[in-house]
Amino acid sequence: KWRLTRDRWHTGFVDTLGHGGLLGQVKGRTLAEVLAWLATTDLDWRKGIGYVAIDMSATNRAAIRIGLPHATVVVDHFHVVRLANAALDDVRRRVQQDTLGHRGRRDDPLYRIRKLLLTGSERLNERGRDRMLLGLRVGDPDDELVGAWLAKESVRDVYLADNYDNAAVLLDKAIAGCLADEVAEIRSLGATLASWRTEILARHSTGASNGPTEGLNLCVK
């Protein structure tokens, strides 16, 4: 079991067993470079790898499918939620520009609630929820940002499911809702979720996460 993650310049390979030690670090982030490192490892060791946890990198996914075809690919939940948050932010910035003609400023209604929008609904107190709703009422005339917020919450709901089957139902509902939306950013989110459906749901069957990998990356940097 190991995790693979990439930053701007290097690809790191981290063990998920034991103390999560660094297995290897190679310069570059291409398909060929990842496969070249795998080729240097023992064949029996590679056969023993059960899953690989990654961010939403098509290059990493392709490398695993080629170099470790028997392994289960898992997308870390942090990266999926971050994708939904990014779509929400994209809609907020565009609506801000469309309605006021400039980027967000301190006293603008949508800018003032930007952090509340990214907060999980279950963590919002009454005051925070009221502030968010007021900002949306004033700054989101066509309810585009409301739709993006609901899409973000539907993605987060997937990780509140207690088993694979429930997670699959929630993810499929989130994908269908996003793809049917009139807002381009939300449809794009739905398309990405659909293309990674198997890997997203693998989180519920393996429990894998690349969280420790991100921490080790900071140490390496």
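You'll find the structure just up there.
Everything quoted here is computed from the prediction, not taken from an experiment. (Residues numbered from 1 in each chain as written. Predicted model: local features only at pLDDT ≥ 70, side-chain atom pairs only at ≥ 80, totals over all residues. Heavy atoms only, no water.)

Caption draft 1: Inspection of the packing of helix H1 (residues 31-39) against helix H3 (residues 58-67) at higher detail. Their axes nearest at 9 Å, the elements H1 and H3 cross at an angle of 40°. When the axes of H1 and H3 are compared, the pair comes out oblique. The way H1 lies across H3 gives a crossing that is right-handed. When H1 is examined against H3, the residues Leu31, Val34, Leu35 and Leu38 are found in contact with a partner set consisting of Thr59, Asn60, Ala62, Ala63, Ile66 and Gly67. Across the contact of H1 with H3, the residue classes tally to seven nonpolar, three polar and no charged. (Axes fitted to C-alpha atoms, helices over the stretch in contact; angles between N-to-C directions. Helix = DSSP H or I, 4+ residues; strand = E, 2+ residues; numbered from the N terminus. Parallel < 35°, antiparallel > 145°, perpendicular 65-115°, else oblique. Left-handed = near helix turned anticlockwise from the far one by under 90°. Contact = heavy atoms within 4.5 Å. Nonpolar A, V, L, I, M, F, W, Y, C, P; charged D, E, K, R; others polar.)

Caption draft 2: Focus on the packing of helix H9 (residues 164-179) against helix H10 (residues 184-195). In the contact formed by H9 and H10, the axes pass within 7 Å of each other and the chain directions differ by 145°. Both H9 and H10 take part in a crossing whose hand is left-handed. Residues Ile175, Cys178 and Leu179 of H9 form the contact with H10, whose participating residues are Ile186, Arg187, Leu189, Gly190, Ala191, Leu193 and Ala194. Here the residues of the contact of H9 with H10 are counted per class, giving eight nonpolar, one polar and one charged.

Caption draft 3: Local environment of H9. In this model H9 runs 22 Å from its N-terminal to its C-terminal C-alpha over 16 residues, within 8% of the 22 Å that 1.5 Å per residue would give. Among all positions of H9, only Ala167, Ala168, Leu171, Ala174, Ile175 and Cys178 are buried. Angularly, the buried residues of H9 cover 130° about the axis, an arc narrow enough to put them on a single face. Residues Asp165 and Lys173 are exposed on H9 and point more than 90 degrees away from its buried face. Buried residues in H9 make contact with helix H8 (144-158), H10 and helix H11 (197-206). For H9, the N-terminal cap is asparagine 163; the gap from its side-chain oxygen to the backbone nitrogen of aspartate 165 is 3.1 Å. (Expected span 1.5 Å × (residues − 1). Buried < 20%, exposed > 50% of the residue type's maximum accessible area, 1.4 Å probe, protein only. Arc of directions from axis to C-beta. Polar contact = N/O pair within 3.5 Å; in protein donor to acceptor, adjacent residues only side chain to side chain.)

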